[in-house]
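Read off the chains here:
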Amino acid sequence: MNTISSERVLFAAVGMIGGYCLAKWSTSRGVPVKVNTASGATAAANKFDKFAEEGSSTSTQEDGSGFQEQVPQANRNALDHGSKPIQTVLVLIAMEEEAAPFIKKHSLKRLHVFEPLPFEGFEGYCGDMKVYLTWTGSDKRFKVNNVATTASTLSCYASLTKFPDVDLVISAGTCGGFQQAGGHIADVYLSSKCVFHSRRIQGTQGYEEYGFGHFRSPPCELLAEQVGCKIGVVSTSDSLDHTARDLQIMRQEGAHVKEMEAAAIAWVCLQMNMPFFALKSVTDIVDGEIPSHIEFEENLRSSSDTLQTKLSAILTLMAGKPLSAWHLR
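Residues numbered from 1 in each chain as written. Predicted model: local features only at pLDDT ≥ 70, side-chain atom pairs only at ≥ 80, totals over all residues. Heavy atoms only, no water.

> Looking at this structure, how should I read the overall build of the protein chain?
The helix and strand inventory of the protein chain stands at 10 helices and 12 strands. Here the protein chain, with 329 residues, has 49% of them falling under the buried criterion. The contacts of the protein chain with a sequence gap of at least 6 include a subset with a gap of at least 24, amounting to 74%. Roughly 15,900 Å² of accessible area belongs to the protein chain as shown, and the carbon and sulfur atoms make up 54% of that amount. (Helix = DSSP H or I, 4+ residues; strand = E, 2+ residues; numbered from the N terminus. Buried < 20%, exposed > 50% of the residue type's maximum accessible area, 1.4 Å probe, protein only. Contact = heavy atoms within 4.5 Å. Areas by Shrake-Rupley, 256 points an atom, 1.4 Å probe, with all protein chains shown as cover.)

Structure, rendered in structure tokens:
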């Protein structure tokens, strides 16, 4: 048996064992996942073939859940900003109610730079950190906040074009949490990675994983610990509710929160080679008994106030320090 064949067998064995460990780990945290170990072995072996062909175009990255997988070099490059001091941050927010507490707290000045787009820009300081904040504004026809992925994608690109001195992008806002993952109202999560749970593109090779996205955030465990945030996977779609298949995918991806913008912004930042993470405050419990839209409306104000407090603490601590300062080694 040649070296490649023996290594392929090893990958298959690791895939089978990994599948069993994943099932045990998930069950211990109240998130049941059905794993076919034989399928895991086959998938691992097939992944080996792909990595053998790609060679040095991939590297290993931990996703925050304790597991490791190969990450395309393009995704890896978006995380390699660890030594650069963070002096200027762009905060992207979809709802006026989410943005208002932070704008008021730090007396941010309005900027008129996005016409004819509906976005509204602000600038100022949080401690020693220079801050640009873009709210996606109101829809001209329906008179509501421009929420979800379409507006957030364009607002991110437009903001990075208008504010070229940005060192880091943060998608800040509210979200739904999962009681099975230990989530509670007003918990604030800092992303370990962002995924799409409703972009299902089956059949053609490569498109399924493209649909999920898998955008990793810089590891900032020490930062989360200092400000009292949780760390978790942020899952994105354009819907406030969810289907049974959506829920299945979110559980399989280890999602801690569900929201409507972060993965889309992460995609833009990846293209622009810009470091990014999401900061999300829980307004409703996705797998709870109260309908999400009712719980969301009840808790939007208080969760937005909590978001402002955590965001302010994070920016104050980060000012002038590199992202590598917050990585638990």
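> Sorry, what's going on with the environment of I170 here?
In this structure, I170 sits in strand 7 (residues 168-177). Among the residues examined, I170 registers a relative accessible area of 0% and is labelled buried. In this structure, the C-alpha to C-alpha distance between I170 and F276, residues 106 residues apart in sequence, is 5.8 Å.

> Explain helix 10 (residues 292-318) to me, please; I cannot follow it from the model alone.
Because each turn of an α-helix spans 3.6 residues, side chains separated by three or four positions end up pointing in the same direction. Here helix 10 spans only 33 Å end to end across 27 residues, well under the 39 Å set by a 1.5 Å rise per residue. Maximum bend of helix 10: about 55°, positioned at L300. Residue G320 follows helix 10 closely and has a positive phi angle near 80°. (Expected span 1.5 Å × (residues − 1). Bend = angle between axes of the 7 residues up to and from the residue.)

> In this structure, what is going on with the packing of helix 5 (residues 149-162) against helix 9 (residues 262-271)? I would like to understand it.
Packed helices, taken two at a time, are described by their axes: the angle between them and the distance between them. Where helix 5 meets helix 9, the closest approach of the two axes is 8 Å, and the angle between their N-to-C directions is 30°. Between helix 5 and helix 9, the crossing angle belongs to the class labelled roughly parallel. Where helix 5 crosses over helix 9, the handedness of that crossing is right-handed. Here helix 5 contributes T149, S152, T153, C156 and Y157 to the contact with helix 9, which in turn contributes A264, I265, V268 and C269. (Axes fitted to C-alpha atoms, helices over the stretch in contact; angles between N-to-C directions. Parallel < 35°, antiparallel > 145°, perpendicular 65-115°, else oblique. Left-handed = near helix turned anticlockwise from the far one by under 90°.)

> Explanation requested: the confidence of the model for the protein chain in the structure shown.
Residues shown with low pLDDT carry predicted positions that ought not to be read at fine detail. Looking at the protein chain as a whole, the pLDDT averages 82, with 75% of positions reaching at least 70. Scored below 50 in pLDDT, residues 1-74 shows 74 contacts in the model against residues more than four places distant or in partner chains. (pLDDT = per-residue confidence, 0-100.)

> Please clarify how the nonpolar core should be interpreted in this entry.
Generally speaking, a soluble globular protein has its nonpolar side chains buried in company with each other. In terms of nonpolar packing, the biggest core is built from 33 residues, with V91, L133, I170, L279, I314, L315 and M318 touching the most fellow members. Top contributing element to this core by residue count: helix 10, with five residues. In this structure I170 touches V89, L90, V91, L92, F276, F277, L279, L311 and L315, once residues within four positions along its chain are discounted. Among the nonpolar cores identified, the runner-up in size contains 31 residues, and F119, L160, F196 and A263 belong to it. (Core = buried A, V, L, I, M, F, W, Y, C linked by side-chain atoms within 4.5 Å.)

> Can you help me understand the packing of helix 4 (residues 96-105) against helix 10 in this one?
At their nearest, the axes of helix 4 and helix 10 sit 8 Å apart, and the two run at 45° to each other. Looking at the two axes, helix 4 sits oblique to helix 10. In this structure, helix 4 meets helix 10 at a crossing whose hand is right-handed. The segment helix 4 lies against helix 10, with E97, E98, P101, F102 and K105 engaging L300, S304, D305, L307, Q308, L311, S312 and L315. In terms of residue class, the contact of helix 4 with helix 10 is built from six nonpolar, three polar and four charged. (Nonpolar A, V, L, I, M, F, W, Y, C, P; charged D, E, K, R; others polar.)

> When you look at the pairing of strand 5 (residues 120-126) in this model, what are you seeing that I'm missing?
Two faces, one strand: in a regular strand the side chains alternate between the faces of the sheet. Buried residues dominate strand 5, accounting for five of its seven residues. Here three bridges tie strand 4 (residues 109-111) to strand 5, and the two strands are oriented antiparallel to one another. By the bridge assignment, K109 is partnered in strand 5 with E123. Looking at chain direction, strand 5 and strand 6 (residues 129-135) are connected through seven bridges and run antiparallel. From the neighbouring strand, Y125 faces strand 6, where its bridge partner is K130. (Pairing = 2+ DSSP bridges.)

> Sorry, what's going on with unusual backbone geometry here?
Generally, phi is negative for residues other than glycine and the peptide bonds are trans, each holding for most cases. Following E115, the chain continues to P116 via a peptide bond in cis, the omega torsion being 10°. For P116, the location among the structural elements is in the loop between strand 4 and strand 5. Look at A148: it is not a glycine, yet its phi comes out positive at around 85°. Here A148 lies in the loop between strand 6 and helix 5. One non-glycine residue, H214, lies in positive phi territory at about 55°. Mapped onto the fold, H214 is located in the loop between helix 6 (207-212) and strand 9 (215-216).

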